Amino acid sequence: MCAIIGMGSTAHGPDRRWLARGRDAMTHRGPDDAGEWWSADGRVGLAHRRLSIIDLSPQGHQPMHLPGRGVSIVFNGEIYNHQALRSELLGLGFTFRSNSDTEVLLAAYTAWGEDCLARLNGMFAFAIHDALQQKLFLARDRAGEKPLFYRLANGSLQFASELKGLLANPANPRDIDPQAMDCYLGMGYVPGDACLLRGYNKLPPAHALRFDLQSGQTQVWPYWQLPDLASEHGAVDDESLLDELEALLQESVCAQMTADVPVGILLSGGVDSSLVTAMAVRASSQVQTFSIGFPGHGKADETEHARLIARHFGTRHTELMAEDASADLLPRLARQFDEPIIDSSMVPTYLVSQLVRQNCTVALGGDGGDELFGGYHHHSRMLWMQQNLGRLPLFLRQGVARSAEKFLPVGFKGRNWAQGLGVDLDKDLPIISSCFDDQSRSRLMQKRANWPLVAESVRKARTPSQTNILQRTTRMDFANFMAEGILVKVDRASMLSSLEVRSPLLDHRMIEFAFGKVPSRLKTSPTEKKILLKRLCSRLLPPEFDLQRKQGFSIPMNVWLKGGPFRTLFDDVLRDPQCSFDAQTVNKLMRDQDKGHFNGERLFGLVMFELWRREYGISF
């Protein structure tokens with residue numbers, strides 16, 4: 001894994017001093033090597049930090065150039081089918097100086113142009129300077145595993161793997177975008193191409209960008225999209241689908257275990273990571289697994305489930321036992337998550353990444369299984385709601401929703417679901433994962449006049465149009481919560497430890513299989529989740545494996561906020577007179593938390609925003 005940063009300008013002589021500073025602000029992404037290159041006319045600069053994974057020799061140094069072709073690249077990620085592409089390109093007359101996938105990617109662009117994206121199997125964010133066509137070409141992988149921020153202003157394009165790279169340029173502004181901030185409070189992340197800072201963007205997953213160095217014109221377009229489901233109610237051979245799932249997962253895990261450095265498995269003991277472990281032991285006799293536990297915290301302590309899988313498959317298993325004194329990690333994580341998200345599981349993700357990095361440079365995880373195969377609790381609940389409550393007149397359900405919003409406090413168990421009754425279940429989605437509803441956000445931000453309440457409309461505009469509610473919600477989760485929440489958490493938390501995390505379930509062939517071939521009845525019912533994946537578990541995992549368990553890496557936030565270092569930190573940050581949020585509203589959230597309501601994640605999100613804002617000198 002690596003960090004990329006660069007710029008292109010229509011004008012000669014742009015300021016180039018900030019580029020190395022931006023590159024080195026992301027040293028955690030690439031501690032092994034650094035490079036910088038400028039075009040002869042000085043209008044294009046590319047810089048790179050390298051974490052050596054494939055071809056550890058100096059031949060993998062970046063920025064990389066293809067002699068005589070006028071193309072240069074900076075690349076973050078892994079191309080898992082680079083050996084097959086290399087063979088094809090050798091047949092076309094290309095020669096290679098290294099064994100790196102970077103050189104293969106550069107040759108693939110030279111051979112097939114922008115259409116090379118369709119041939120890539122991997123996770124990636126890259127930028128290519130094409131001197132002959134006088135353009136910069138940027139692209140990001142289909143699922144959004146690798147990040148890419150950019151800023152367009154005054155005839156120039158600046159881009160970086162992390163926002164902190166662009167903030168190394170003192171000429172760049174540091175102002176909050178109010179609409180993006182409203183989405184952060186409402187959804188827990190900033191969706192799509194928006195950014196929490198005004199004037200910046202994210203390149204969305206499965207998108208490419210072309211910047212014309214002569215005119216400054218910029219085009220952004222999608223090069224891939226989720227397939228339509230071939231058949232929802234037609235005849236489907238369940239066993240054939242199960243066989244295909246097993247073969248796809250096996251092939252993906254084998255491909256992603258390829259590296260010139262040690263590879264481990266992030267094993268939570270749940271369905272997804274356990275299946276990845278089962279496939280990994282087929283590919284290697286020396287599999288290392290890692291887990292994290294929270295002793296004395298019930299469901300949050302997953303060590304026994306992980307031990308079961310490790311014992312069954314004979315892996316070399318290592319555990320980390322976390323204690324309550326992890327609050328001092330939050331300022332460091334806020335500095336790393338330079339566009340914050342509301343997800344406290346970044347803490348155990350970072351801790352287990354630290355543990356794994358002591359032994360491995362690459363780790364495989366189970367991310368994507370919930371979105372692809374219907375694994376979240378709300379998937380089953382939405383089906384139940386549609387079947388049992390969908391026939392009630394909408395005006396009655398809307399009345400219940402309004403009453404819940406008016407009379408139940410934020411954090412009261414079941415409030416979000418009661419509010420969700422007020423939507424048309426045949427075409428919309430209940431906002432059951434809302435962090436703060438519109439009224440709560442209005443109260444939180446009443447220091448700011450005319451605060452824009454846009455999160456609900458943004459969410460509605462991004463809701464897929466499928467008539468089947470399960471298809472609608474899983475596609476929504478894939479494009480939003482997974483891309484802008486889960487994968488951001490994994491990338492930033494792992495890269496802070498210079499650890500590359502790969503997700504075999506997000507191989508694009510697996511994604512196309514899950515959304516294009518697997519009918520809803522084999523994903524989720526009102527009483528069961530991940531139906532097809534669990535059938536595979538019955539084939540591969542020990543009989544005592546708990547198929548009904550749903551946990552994943554998490555922390556006992558509500559317990560920790562009763563007292564101790566987490567509560568002290570939260571009080572210090574949120575009760576500071578300079579806090580961005582309304583003091584009375586924050587105090588009520590804290591009081592309700594003490595009464596047993598569930599505001600831990602909400603308070604975590606406010607704290608992380610404030611820590612981030614202070615760290616980077618962000619203003620409204």
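Note that the structure is predicted; figures quoted are calculated from it, not measured. (Residues numbered from 1 in each chain as written. Predicted model: local features only at pLDDT ≥ 70, side-chain atom pairs only at ≥ 80, totals over all residues. Heavy atoms only, no water.)

## Points about the sheet that holds strand β2 (residues 33-38)
Across the sheet, 6 strands lie side by side as β2-β3-β1-β9-β8-β10; this open sheet has antiparallel pairing. Because the sheet does not close on itself, it has two edges, and the strands there are β2 and β10 (201-202). (Pairing = 2+ DSSP bridges. Helix = DSSP H or I, 4+ residues; strand = E, 2+ residues; numbered from the N terminus.)

## A few points about the environment of Val-607
Among the secondary structure elements, Val-607 is positioned in helix α23 (residues 600-616). With 265 residues separating them in the primary sequence, Val-607 and Ile-342 have C-alpha atoms 9.5 Å apart.

## Points about the side chain of Ser-353
With respect to the helices and strands, the residue Ser-353 is situated in helix α10 (residues 346-357). Classification of Ser-353 as buried rests on a relative accessible area of 1%. If we ignore the near neighbours within four places in the chain, the residues touching Ser-353 are Ala-493, Ser-494, Ser-497 and Leu-499. (Buried < 20%, exposed > 50% of the residue type's maximum accessible area, 1.4 Å probe, protein only. Contact = heavy atoms within 4.5 Å.)

## What about the layout of surface pockets?
In this model, the second largest pocket occupies a volume close to 580 Å³. As for the second largest pocket, its lining consists of 23 residues, of which His-207, Trp-224, Gln-225, Leu-226 and Ala-479 are closest to the centre. Top contributing element to the lining of the second largest pocket by residue count: helix α17 (residues 469-495), with 7 residues. The residue makeup of the lining of the second largest pocket, split by class, is 12 nonpolar, 5 polar and 6 charged. (1 Å grid on protein atoms, 1.4 Å probe; cavity = no way out; pocket = protein on both sides within 12 Å on 5 of 7 lines; lining within 4 Å. Points joined across faces, edges and corners; volume = space filled by probe spheres on them. Nonpolar A, V, L, I, M, F, W, Y, C, P; charged D, E, K, R; others polar.)

## Quick look at the environment of Phe-545
With respect to the helices, strands and loops of the structure, Phe-545 is situated in the loop between α19 (531-540) and α20 (557-560). For Phe-545, a relative accessible area of 8% translates into the label buried. Note: C-alpha distance between Phe-545 and Val-271 (274 residues apart in sequence) is 9.0 Å. Sequence-distant contacts of Phe-545, that is, excluding residues within four places in its chain, are made with Gly-269, Gly-270, Val-271, Ser-274, Leu-308, Ile-309 and Cys-537.

## Description of the nonpolar core
Formed by 83 residues in total, the largest nonpolar core has its most connected members in Leu-330, Leu-333, Phe-570 and Phe-581. Per-element tally for this core: the top contributor is α23, with 9 residues. Once you skip the residues sitting within four places of it in the chain, Leu-330 turns out to touch Val-347, Phe-566, Leu-569, Phe-570, Phe-604, Met-608 and Leu-611. One finds Ile-265, Val-362, Leu-372 and Val-518 within the second-largest nonpolar core, a separate group that totals 57 residues. (Core = buried A, V, L, I, M, F, W, Y, C linked by side-chain atoms within 4.5 Å.)

## What to know about the side chain of Gln-593
Along the polypeptide, Gln-593 turns up in helix α22 (residues 583-594). We classify Gln-593 as buried; its relative accessible area is 7%. Looking at Gln-593, its side chain comes within polar contact range of the main-chain nitrogen of Asn-599, at 2.8 Å. With residues near it in sequence (within four places) discarded, Gln-593 still touches Asn-558, Leu-561, Phe-598, Asn-599, Gly-600 and Leu-603. (Polar contact = N/O pair within 3.5 Å; in protein donor to acceptor, adjacent residues only side chain to side chain.)

## Details of the pattern of salt bridges
For the structure on display, the rule yields 43 salt bridges. With a closest N to O distance of 3.1 Å, Arg-43 and Asp-41 form a salt bridge. Since its relative accessible area comes to 32%, Asp-41 is described here as partly exposed. Put simply, Lys-588 and Asp-592 hold a salt bridge, and the shortest N to O gap is 2.8 Å. Residue Lys-588 and its partner Asp-592 are both found in helix α22; the two are separated by 4 residues, about one turn of the helix. (Salt bridge = Lys/Arg side-chain N within 4 Å of Asp/Glu carboxyl O.)

## Quick notes on the pairing of strand β9 (residues 156-160)
Every regular strand shows the same layout, with side chains that alternate between the two sheet faces. When you tally the buried positions in β9, you get 5 out of 5 residues, the bulk of the element. Neither face of β9 is open: one carries Ser-156, Gln-158 and Ala-160, the other Leu-157 and Phe-159, and all of them are buried. Across 5 bridges, strand β1 (residues 2-9) lies against β9 in antiparallel orientation. Bridged to Ile-5 within β9 is Ala-160. Bridge count for strand β8 (residues 149-153) against β9 is 5 bridges, and the pairing is antiparallel. Note that in β9 the partner of Tyr-150 across the bridge is Phe-159. Following β8, the chain reverses through 2 residues before pairing antiparallel with β9; Asn-154 in that reversal takes a positive phi of roughly 55°.

## Some details on empty space enclosed by the protein
Enumeration over the complete set of coordinates arrives at 6 cavities of 30 Å³ or more. The volume enclosed by the largest cavity comes to roughly 110 Å³. What lines the largest cavity is a set of 15 residues, among which Cys-2, Ile-54, Gln-62, Asp-101 and Thr-102 lie closest to the centre. The set of elements that each furnish at least two residues to the lining of the largest cavity consists of β5 (71-79) and α3 (101-112). The biggest single contributor to the lining of the largest cavity is β5, with 3 residues. Counted by class, the lining of the largest cavity contains 6 nonpolar, 6 polar and 3 charged residues.

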